[in-house]
Structures are given as C-alpha cells and as structure tokens.
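Below are the chains, spelled out letter by letter.
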Amino acid sequence: MDVRWLAVKLINFLIVLVIVTFIVAAIFAGPLTDRQKQAIRQEMQQLVVGQLRQPGGQQYKEYIINQYVKYLKENNLPINNETLEQEALRWWIDKLTQEEIHNRGLDKPWYVVASRYTKMMLTFQPVNSSATLETRGFFWYKQGDKNAYHIILERVPFSVLLFTTSSALTLLIAIPLALYAARRPGGLLDNTIVSWSVFSVSMPWWWLAMVFIYFFTQKYHIFPKVTENIDPHDIGNLLSKAALPVITVTVLSVGDTAYRMRNILLDVFNEDFVMVARAKGLPETVVLRKHVLRAAAPPIVTIVLFAIVLSVFAGAIITELIFEWPGLGKLYWDAITANDVAVLTVLTYVTTLLYLVTRLILDILYTLLDPRIKRA
Amino acid sequence: MFDNFKSNMRIVLRTWSGKIGIALLLIQVILALYAVAAYYPDGMKLYEQGKQSYYPFRYPSTVPPCWVVSDKFPTETLTLESLKENYQVMDTIPEDLKIVAPDVYDLLNTQFTPILQMGMYKIAYVSYDGTINLTSQALPSDVRLLLTLRVPSDLQANGTVIVSSGWMYIERPDGLIAKIFYAGQLYSQGQQNITNIIPIYGSVTKQVVDGNVTYQALPETLYNYKNSRWISTTMDDTLKTLYSDLGIPIRNETRFDPRVIFATSENGTLVGLPGTYKVHLAMYAIVLSNFADKLQDNIGIEHYELKLMGNCYGFFGTDVYSRPIGLGLLLGLPYAFLLGFTVTFISTFIGAIYGTLAGYWKDIKGEILMRIADVMLSLPFLPILIAISYAFGTITLKSLAIIMIALSWAGPVIVVRSMALQISEQLYIEAAKAVGVPTRKIVFKHIFPQIYPYTMAIAVLAIPGIIVAEASLALLGFGDPAAPTWGKMLQLAYNVKAVTTGWWWMYIFPGLALVIFSATFLLIGRAIEPIVAPKLQR
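This structure is a prediction, so every number in the text was calculated from the model and none was measured.

1. So, the overall build of chain B
- The helix and strand inventory of chain B stands at 19 helices and 16 strands.
- Out of the 538 residues belonging to chain B, those deemed buried represent 53%.
- Counting contacts in chain B only where the partners sit at least 6 residues apart, residues at least 24 apart contribute 77% of the total.
- Counting every atom, chain B has about 23800 Å² of accessible surface; 59% of that belongs to carbon and sulfur.

2. Quick word on the interface of chain B and chain A
- Across the boundary between the two partners, chain B contributes 41 residues, which contact 51 residues of chain A.
- Surface buried jointly by chain B and chain A totals about 4200 Å² across both partners, of which 74% is contributed by carbon and sulfur atoms.
- Applying the counting rule to chain B against chain A returns two salt bridges.
- Linking Arg 526 of chain B and Asp 256 of chain A is a salt bridge whose minimum nitrogen-to-oxygen distance equals 4.0 Å.
- If you look at where chain B meets chain A, you find seven residue pairs in polar contact (both at pLDDT 80 or more).
- At the level of secondary structure, the elements contributing two or more residues to the side of chain B that touches chain A comprise helix 11 (364-377), helix 12 (381-392), helix 16 (439-475), helix 17 (486-495), helix 18 (498-501) and helix 19 (505-532) of chain B.

3. Section: unusual backbone geometry
- In the segment running from Tyr 40 of chain B into Pro 41 of chain B, the intervening peptide bond is cis, with an omega of -10 degrees.
- Backbone geometry at Asn 339 of chain A places phi at a positive 55 degrees, although glycine is not the residue there.
- Along the chain, the position of Asn 339 of chain A falls in the loop between helix 12 (328-337) and helix 13 (341-369).
- Its relative accessible area of 45% is what places Asn 339 of chain A among the partly exposed residues.

4. Remarks on the packing of aromatic side chains
- Enumeration according to the criterion identifies 37 aromatic pairs over all chains in this entry.
- Geometrically, the ring pair formed by Phe 158 of chain A and Trp 325 of chain A is edge-to-face, given 5.6 Å between the ring centres and 85 degrees between the ring planes. In this pair, Phe 158 of chain A is assigned in helix 6 (residues 156-183) and Trp 325 of chain A in the loop between helix 11 (284-323) and helix 12, connecting sequence segments 167 residues apart.
- For Trp 325 of chain A, a relative accessible area of 0% corresponds to the buried category.
- A cation over a ring is seen here: Arg 323 of chain B above Tyr 47 of chain B, with NZ or CZ 4.3 Å from the ring centre.
- Directly above the ring of Tyr 259 of chain A sits Arg 526 of chain B, whose terminal nitrogen or CZ lies 3.9 Å from the centroid.

5. Let's talk about the environment of Val 194 of chain A
- On the secondary structure map, Val 194 of chain A appears in helix 7 (residues 188-202).
- Counting along the chain gives 61 residues from Val 194 of chain A to Gly 255 of chain A, while the straight-line C-alpha distance between them is 7.4 Å.
- In this view, Val 194 of chain A contacts Tyr 259 and Arg 262 of chain A together with Trp 16 and Arg 526 of chain B; residues no more than four positions away in its chain are not counted.

6. Quick notes on the nonpolar core
- Within the largest apolar cluster, 162 residues are counted, with the highest numbers of intra-cluster contacts made by Trp 206 of chain A together with Ile 386, Trp 486, Tyr 507 and Phe 517 of chain B.
- The next biggest cluster of nonpolar side chains, apart from the first, holds 23 residues, and it includes Met 261, Ile 264, Val 287 and Val 304 of chain A.

7. Thoughts on the packing of helix 1 (residues 3-53) of chain A against helix 2 (residues 57-74) of chain A
Residue and element names in this part refer to chain A.
- Taken N-terminus to C-terminus, the directions of helix 1 and helix 2 make an angle of 125 degrees; their axes are 6 Å apart at the nearest point. Between helix 1 and helix 2, the angle falls in the class oblique. Residues Val 48, Gln 51 and Leu 52 of helix 1 pack against Gly 57, Tyr 60, Lys 61 and Ile 64 of helix 2.
- Residue composition of the contact of helix 1 with helix 2, by class: four nonpolar, two polar and one charged.

8. Side note on the pattern of salt bridges
- Considering all chains together, one arrives at 17 salt bridges over all chains under this definition.
- A salt bridge links Asp 334 of chain A to Lys 330 of chain A; its shortest N-O distance comes to 3.2 Å. Pair noted here: Asp 334 of chain A and Lys 330 of chain A are both in helix 12, with a separation of four residues, about one helical turn.
- A relative accessible area of 12% means that Asp 334 of chain A is categorised as buried.
- Note that Asp 374 of chain B is salt-bridged to Arg 371 of chain B, the shortest N-O span being 3.5 Å. Highlighted residues: Asp 374 of chain B and Arg 371 of chain B, both in helix 11, separated by three residues, approximately one helical turn.
- Each of Arg 155, Glu 324, Lys 330 and Asp 334 of chain A takes part in salt bridges that share partners, so that together they form one network.

9. Description of a nonpolar patch on the surface
Residues and elements named next belong to chain A.
- Taken together, the side chains of Ile 11, Ile 15 and Ile 19 make up a nonpolar region of the molecular surface, amounting to roughly 270 Å² of accessible area.
- Residue position: Ile 11 is located in helix 1.
- Owing to a relative accessible area of 51%, Ile 11 belongs among the exposed residues under this scheme.

10. Topic: the domain arrangement of chain A
All names here are of chain A.
- By the assigned domains, chain A splits into domain 1 (3-122) and domain 2 (151-369).
- With centres defined by C-alpha atoms, the gap from domain 1 to domain 2 works out at 45 Å.
- Contacts between the two partners involve 16 residues from domain 1 and, on the opposite side, 14 residues from domain 2.
- Surface buried jointly by domain 1 and domain 2 totals about 1400 Å² across both partners, of which 86% is contributed by carbon and sulfur atoms.
- Of all residues in domain 1, Trp 5, Phe 13 and Phe 28 bury the most surface against domain 2, accounting for 34% of the area lost on that side.

11. Re the side chain of Thr 217 of chain A
- Its place among the elements puts Thr 217 of chain A in helix 8 (residues 205-219).
- A distance of 2.7 Å separates a polar side-chain atom of Thr 217 of chain A from the backbone oxygen of Ile 213 of chain A.

12. Things to note about the confidence of the model for chain A
- Within chain A, residue pLDDT values average 84, and 96% of them lie at 70 or more.
- Considering each helix and strand of chain A separately, the mean pLDDT is smallest for helix 11 of chain A, with a value of 77, and largest for helix 8 of chain A, with 90.

Rules and cut-offs
Residues numbered from 1 in each chain as written. Chains lettered and ligands numbered in written order. Predicted model: local features only at pLDDT ≥ 70, side-chain atom pairs only at ≥ 80, totals over all residues. Heavy atoms only, no water. Helix = DSSP H or I, 4+ residues; strand = E, 2+ residues; numbered from the N terminus. Buried < 20%, exposed > 50% of the residue type's maximum accessible area, 1.4 Å probe, protein only. Contact = heavy atoms within 4.5 Å. Areas by Shrake-Rupley, 256 points an atom, 1.4 Å probe, with all protein chains shown as cover. Buried area = accessible area lost by both parts, 1.4 Å probe. Salt bridge = Lys/Arg side-chain N within 4 Å of Asp/Glu carboxyl O. Polar contact = N/O pair within 3.5 Å; in protein donor to acceptor, adjacent residues only side chain to side chain. Phe/Tyr/Trp six-rings, centres within 6.5 Å; stacked < 30°, edge-to-face > 60°. Lys NZ or Arg CZ within 6 Å of the ring centre and 35° of its normal. Core = buried A, V, L, I, M, F, W, Y, C linked by side-chain atoms within 4.5 Å. Axes fitted to C-alpha atoms, helices over the stretch in contact; angles between N-to-C directions. Parallel < 35°, antiparallel > 145°, perpendicular 65-115°, else oblique. Nonpolar A, V, L, I, M, F, W, Y, C, P; charged D, E, K, R; others polar. Patch = residues over 30% accessible without salt bridge, like charges linked within 9 Å, V, L, I, M, F, W, Y side chains within 5 Å. Domains from an automatic or database assignment. pLDDT = per-residue confidence, 0-100.

Here it is in structure tokens:
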C-alpha cells in the first residue's frame, strides 16, 4: 500500500475537517453567543443579589447607588429619585455583564468567536447543554449528565443498531435480486426493481414510516405501538421496538441498492471477458462467481455502502423521529424543541464528523478493492 | 437545436419511464397553472390565514374522504335569512340572558359596569324557531352556528369588546330535549363585518324539568380557541349520564361530542336518529364601545346560519382546520414546481460552469476550485440545512431556495470536471487556444455546450431530493409560515398525531402527491440520461 498516497488523503481530510468545522461553528456562532450572554446576565444577577443579602449588603448597595449617581452626573443625565435604587441595580448588573462578556471575548467579531468555537470542537472540549437536555441513563452514562458529548454518545448505539441491521439486511436481499434482475434485463423482476427504486428515492422515508405505523400498529396490530419508552437493557423490548423501523428502512433502501447493483452488474455482463468465459463453455454459476462477481465486487461494495451511508444522513434523521427511536435523529428533534443550542451545535459537528470519516474510509476502501483506480 | 429536441423527445418517449414521466409532468403542469390562475394570490394567502375563520364554517373539520364513508351526511346549511324580522338591536341587556347565559350576564355586570351605566353598548339579538329533518341514520360530524355582525370599522379599531353567547333548545324525535349553551369566538373578516363562528362544544349538565330530561352544555368549552387545540379533560359525570341514557358506550371521549344531539345507539355505535327535530335558538352579541351611542344605526346582524357539518368531504377529506386536503394538494403544486426548478436548475448551472472551469484550468487555479468544491461536498446536506434554519429562526421559501442553492451547487462539479478534462484535451480546443481565442469564448462556446445537456439530466434527477428536503425541514417546524406546501400539511398531520388518531387522509395524500411529483422527474431524468450520456446506453 502506498504510504504517501494515504498521507496525502489524511492531510486533505484534516484540512477539510477544519474548514467544515469552522462552517458549522460560524452557523451557530450567533445563537450560541446570544445564549451565553443570557447566561452571563443571569449569573451576574444572582451574584449581585447574593452579595446584597450578605452582611455587608447595605454598604454594597450604597456603593452601587453612588457609582450610578456619579455615572449620571458625568453624562449629564437627569436623576430620578423615585426609581433610583432599581435603576442603579439594573445599571450595575448590565455593567458587570458587559465587562464579563468583554472578558470572555464574546464581543469580538463573528469570525473570531467562530474560530474559538472551532478550536473547542476540534479538541472535543466538554460542552454543557444550554437548556434542559441531559443524559437519559442508557448504557454507560448515569441519568442527569449535562455534557453534550455524553448526551450524544449515549444515543449513537441506537442509530448504529438501526442502520447497521437494516444495511446488512439490505445487502442480503439486494444482491440476489440484482443478480437475477441483471441476467434478465427488462424482465418482471427487473422492472419491479427499477420502479421500486424510483418510488423509494422519490418519497420521504419518514412518510412511509408514518404509513407503516398506521398499517402495522394501528390497523393491524402486528407490531407493538410506537412509544418513547425504550429500555435498552431489555433485549426483547428493544428488538420488538426495532423491528418496524428496521423493516421500513430495509424496504426503502433495497429498491435503490438493487437498482445500483443491477446497473454495475449489467456493465460487467457486457464486458468481453464475460463473453469469453461463456464462449469457453464455463457453467453459468462459475462465470457468475469467478468472473462477474469478482469484477463487480469493489464498485458494488463501495457505491452501495456509500449510498446507504448517504441515505442515513439524508432521510433517516426524521425516520427516527417518527418511530420515536432515541437515536441521533431523534436527538435533533429533542434539541430543536428544547431550544438547546449547545447540544444542536455539537450534534451537527458530530454528524458532520461521522459523515467525513465514513467518506474517507469508503474512499480508501474503494481504492484498495479496485486496483484499476489510479492512486493520485 | 429544435430538430435535436424533437428527436430527443422521440427517444425519451420510446421508453416506458419516459412516457409515464412526460404524461405525469403534463398533468401536473396543467394543474399547477390552474392553481395559479384560480388561487393566486388571495386564495393562496387565505389557505394559511383563513384556517381560523374562513374554512371552519364552510367545511367540516377532520372528516375522511367520502369514498370511505358508507353512510354519508352531506353538509347541510340551514340558512335563517328568511326570518330576519326576528332580530333586533336592543339597548338593554335582556333579562333572560341571566338564565340562558349567566356567565355573560355576570361578566357584563361586573367587568363592564361603568360602560353599562353610561349606556355604551348595543345588543344584537336573534331568535329562531324551526325544524331540522334527518332522513337517514347518517350523522353530521359537527353543528356550527354562524353570526356575522355589521360593525363599523372605526368602531372595531377603538377597543370595542364584543361578547357573544346564546343557547339552543332541541327537541328530539324521541322526546329528549337537549339544551345547549354556546360561547363564541370572534374573527374579523374584511373591513365591515365581524364573523362569529360558534362551534358547539361543552360539558353537559342534566336537568329534569316537568318530566323532560334537559341537558345543558355549559359555556366553559373544552376547546381552546387561542391555539386551536383540544384540551383533554376527563369526562364528567353528567356527560356520562347523558351517554348512558342514550345508550352510547363511553370509550375515550374527553369532550362533549356534538353528534350526540342527533344520535342514538345501535349495538354500541353512534348512529343518527332520523326524524324531525324542533329547534329553538337564540344568539346574542353584545357590542361594548365608547362610540356605541354615535353608531347605533350601523350595528346590525348581517347574516346568521345554523350548519350541520357533513361526515365526509370530497375525494380527499379535510384537515383539523377544516381546510380541504384536495385544495392543499393543488396549492402545494406550484410551490413544489417553483422550489424544485429554481433550486436545481440554478445550482446545477453554477456547478456546471464551475466544473467546466475547474477542468479547463489545469494549473493551481483548477486545483483551488476543486478544493473548495470538495469542502462543499463534505457538508452533509440535511443536517447543515437544519442548522442554518435553526440559526435563522423561521425562513421564507425564497431564503430557503437561496440556502439550498448555496449548499447544493457543488453536486455536479466532479462529473462535469472530468467531462471538461476530456473535452479540453481534444485537438480543436488546442487549435482554438493556439489561434488565440479567449478563454471565455473557448469555455462557453466550445466546452460548456457539450456538457450542458448532461447537467440538465442531473438537474432533473435532483428535483426529488430538494422537494423531500423541504418537506423534512417543514416537518421539523422550519417551513415557510406563509406558503402552503405539502411538507407543511405533513407537519400538521404529525403535530396533531394523525397517525395514532387514525386521520390517515391527512398524511397519506400529501405524501402521495410528493411521491408522484418526485417520481415524475426521476422517470424523466432516467429516460434522458442515456441520450445525454451515451456511455450509459444499453
């Protein structure tokens, strides 16, 4: 394996990662900073109120009022004796808030703030959720942890379970279908695959999820009702809840996967070496196994895997929401409804990171599997 | 060019996918043009704005399509215009208001005492006696009253308070008497008139007067007008008694079902009780204003109606705001075309030119262009779209289109670049360079026209993705608040939990419309692909 080629790939990956992270940080810089400013103001308010309640509180209040009067005189502003105390306190809290915002560098231009957030994300600094979201006690975290990374990480196994299972099922079903269809192009099965791929690509996955839920849990009680309560330690419960989502995703991805495989296989069937193999009088199974599949395997594996991964990032986010399946997609909804900027930011970053890493792995895999691809 | 188009069309139409695709496209284009001609712009605005005031009186709410209902009840309007002489505008609070609408009477006496003492109020009063004939066992889905007041616009603007209430007394064919109070919600409609739509909802109390059982629906309605959602309250004992008297099993009812007025029980299900119903109804609308004395002749009752809403509507049914689903499907079509075409064609055009340049410049310039495109391709489309929508708050369809273009222009760059690389190595390009033809001319006159048809196939194939992405965003609550899109219909269905409540028509039809629309372009795109990219031909 060419080490230099791999190094170039990795460096390229890192550069892209930094830029993409910066883009994510820039999108969220505004809302994140606003949220932090609000938090600082609350903090200062609590601080001042707390100090006023302590023994030296009266002197502190007088000091604040004196400062405020001084400020009013300096700026030639009228003094309103009735509301002086309230105004002075508000002015003092505002002043402290402004100073703290300045100290933390939140009043800098957006690109400075964004690059700070970029650095925080790239070094995986712990971020606390900015609203009510917390860990739910699945797997390895205790309930009530507010670290955004922990909130996200405990959801990952759910998404992985759902989509690896359905990807494996998809491949298992699609490969024989594609082989059969490619040998009789224009046949009944072939046409079915082509039409189903048209439909599965053109529909929102979550819509079919809604339809399936209606048919299989409401109209005919084949699967258990969709509820939010999932206990990951109860395997039976978990699997029964996962059944319908897995079936839905598989049914949807089989169409397009089989269609892509069929196209690759058709190309290979038309190659000269297949014709030669057939002309030699080799049995069809041998032609299929030794010549067709061997040549078609690399593009099938990578293109199909890539298609599945892409579809996960495109359609599956909302499919999870419809099924109340507590994976990453459902977390998007939770973070949006809770108005939790911090979790949403980290979530977008983690999703993007996962996406980039899968792309990199598949890219390397493709080149390794297919020696015809130039490594440049 | 035109000959080329004609022969290409012939090739497209030779495949079955091309035939179906073109046919579907033609139908949808005609429908979209009809939608624009018939509903632009007022009808389209009304679809969103009229969900509180315009549609609820005209169409039944959340009823299935008529082809699934065996026992149809057509929406029946009992216009009471002919009895106009029964209405009057009065200067005093009628004493019987104390009996029929005690809460209104109390409100007027406590909260508005100063105004009342100054005589700054008018009362519009309607009463009506009549009959309703039900001929079959089909049940109306709802009973609604409409009262339109004529109130001068300057009076409306000056802190006028309008309190509306009334009562209805229905003697059923079986001798039971239902006495129902109703309280209304006022909507401004147009300049001059205020329309009052009074859905009858309420809990019921039972009274025995002279041996007659009387049920009263109290004005503390269970319908929250502010956000139009059902408040689930537990069913109280009197309502249970009413149900048991009628022989209707109590399942999961949380509110008074107005159908009960006309219903009886048959083997545990609610069926209509045919016969003649004697109706006596009275409506009050009390207008309190600083200017009431000046404008006493201008206040009046414009129109009043009693309406039994049907139990089904059209081919597609209606949604929770009583809007016909079919209308929503029709109005969503032009928006789907607009968004799909604008985004894909502009972004593909940008991507095609960009990729051509990246392929033509074989030096550092091309390399930089490719690096930038690589970054753009590394952004996962939907998560970033959600992130931007969140940062913006709500976004209009126009800004959504711009964001989508900004995120998706890099799609065709890699393919286009490799095509441009091949073409730019041709001898005639070398010759053009040698002769001194400027870069701009070489790119746009020689290379780009060859790539352009293929990118059109890419654009057509990208339309479904854009439409599905819009629907997904709308489902998450980031849809354009003013535009009636299919995504928003699906969002409404999701929000009211249509899947678990069994209102399947609210999501099946918009989803199907989306699928048919997307499939049209996939079919056409797949039929065009072999023509523009001959390598794929088989």
